[in-house]
Amino acid sequence: MSLISVENVTMKFGGLTAVDHVTLQIKAHDICGLIGPNGAGKTTLFNVIAGYYKPSGGTIHFQDHRIDGLHPYQVNNLGIARTYQNINLFRSMTVLENIMVGRHPRLSAGIAGSVFRTPAQRKEEKELREKSMEILHMVGLQHKAGETSRNLSYGEQRRLEICRGIASDPILLLLDEPAAGMNTKEKLELVEFIRKIRDFGITVLVVEHDMKVVMGLTEYVFVLNFGKLIAEGQPADIQANPEVIKAYLGEDV
């Protein structure tokens, strides 16, 4: 049974069709890739799944919930988190504080508890810090918990961005170009990190232009071109697919 099912989803902006009747299913605990040339509709599809756009047509089901048309915070509360192509950290906050902000949707003490510092609020704050430190340990950033995030290296900022994404305890994590701007060593570390995320029970869908990262990381790949799903399958099959090769390299005139 699929964890998430995208059925015949279309996203139009005026006369432009960015996503064109796309249907795909993702199974729990898989690491899947979503690839395609620039302008293929990958990030638009991410934004539809995450609730930033209401689709022009089609449906999306996540577990037992229909989520197309929900607000982003509602989608996140159900267990879907995403990162962004551009690093979007709170640069004046510490590394630990960035993670704590990411866990905000899971807090329950409320405004009154924060103002009056109730026992429940103090207990929750203690648990929040402990859980946030656990997440930093996952990626080896625990020793930089008190450092301002702007002072991290580029690769560390990327990993922190992903950490903030998993801080809300997602079931499905959408990663938008996580390897962008990374060097070879950082990309290898990223692949191992994403595998570790899956080992913690999180399903991953990743948009990525670096084909070495995609083919070395994912178990199943979806290919978009001009908003349409033109191929899907295991990485080796995708690499040999004539439609995919044509979409990326063009064809002789």
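In case you missed it, the structure is sitting above this.
This is a predicted model, so every value here is computed, not measured. (Residues numbered from 1 in each chain as written. Predicted model: local features only at pLDDT ≥ 70, side-chain atom pairs only at ≥ 80, totals over all residues. Heavy atoms only, no water.)

Visitor: Residue-level account of the overall build of the chain, with values.
Guide: Counting secondary structure elements, the chain contains ten helices and ten strands. Relative to the 2.2 N^0.38 estimate, which gives 18 Å for 253 residues, the radius of gyration of the chain is 19 Å and therefore close to what a compact globule would have. For the chain, restricting intrachain contacts to residue pairs at least 6 apart in sequence, the fraction spanning at least 24 positions comes to 66%. For the chain, the exposed area adds up to about 12500 Å²; of that, 52% sits on carbon and sulfur atoms. Positive and negative side-chain charges of the chain, numbering 28 and 29 respectively, have mean locations separated by a distance of 6 Å. (Helix = DSSP H or I, 4+ residues; strand = E, 2+ residues; numbered from the N terminus. Rg over C-alpha atoms; globule rule 2.2 N^0.38 Å. Contact = heavy atoms within 4.5 Å. Areas by Shrake-Rupley, 256 points an atom, 1.4 Å probe, with all protein chains shown as cover. Lys, Arg positive; Asp, Glu negative; His and termini not counted. Charge placed at Lys NZ, Arg CZ, Asp CG, Glu CD.)

Visitor: I'd like a description of unusual backbone geometry, backed by residues and values.
Guide: In this structure, Asp 169 takes a positive phi of about 55 degrees despite not being glycine. You can see Asp 169 is positioned in the loop between helix 6 (154–166) and strand 7 (172–176). Classification of Asp 169 as partly exposed rests on a relative accessible area of 36%. One non-glycine residue, Phe 226, lies in the positive phi region at around 50 degrees. Locating Phe 226 in the fold gives a position in the loop between strand 9 (220–225) and strand 10 (228–233). (Buried < 20%, exposed > 50% of the residue type's maximum accessible area, 1.4 Å probe, protein only.)

Visitor: Kindly report on the pairing of strand 2 (residues 16–27), identifying the contributing residues and their values.
Guide: Two elements, strand 1 (residues 2–13) and strand 2, share eight bridges in a ladder whose sense is antiparallel. Bridge pairing in strand 2 places Ser 5 opposite Gln 25. (Pairing = 2+ DSSP bridges.)

Visitor: How would you summarise the pairing of strand 4 (residues 57–62) if you had to cite specific residues and measurements?
Guide: In regular strands, side chains alternate between the two faces of the sheet. In the sheet, strand 1 pairs with strand 4 via five bridges, with the strands oriented antiparallel. In the sheet register, Thr 10 faces strand 4, and the bridge partner there is Gly 57. Across two bridges, strand 4 lies against strand 5 (residues 65–66) in antiparallel orientation. Looking at strand 5, one finds that His 61 is bridged to Arg 66. Where strand 4 folds back onto strand 5 in an antiparallel hairpin, the turn is made up of two residues, including Gln 63, whose phi is positive at roughly 55 degrees.

Visitor: Account for the nonpolar core, with residues named and values stated.
Guide: Of all hydrophobic cores here, the largest spans 34 residues; its most connected members are Leu 136, Leu 160, Leu 173 and Ile 197. For this core, the secondary structure elements donating two or more residues are helix 3 (95–102), helix 5 (119–138), helix 6, strand 7, helix 7 (184–199), strand 8 (203–207) and helix 8 (211–217). Top element by residues in this core is helix 7. It accounts for five residues. Ignoring anything within four residues of it in the chain, the contact list for Ile 197 reads Ile 162, Ile 166, Leu 173, Ile 202 and Val 204. Residues Val 19, Val 22, Leu 34 and Phe 46 belong to the second largest nonpolar core, which totals 28 residues. (Core = buried A, V, L, I, M, F, W, Y, C linked by side-chain atoms within 4.5 Å.)

Visitor: Give me the lowdown on helix 6, citing residues and values where you can.
Guide: Spanning 13 residues, helix 6 covers 19 Å between terminal C-alpha atoms, matching the ideal 18 Å at 1.5 Å per step. Taking burial as the measure, the 13 residues of helix 6 include twelve buried ones, the bulk of the element. Every buried residue belonging to helix 6 is among Gly 155, Glu 156, Gln 157, Arg 158, Arg 159, Leu 160, Glu 161, Ile 162, Cys 163, Arg 164, Gly 165 and Ile 166, and all of these are buried. (Expected span 1.5 Å × (residues − 1).)

Geometry only, nothing functional implied.
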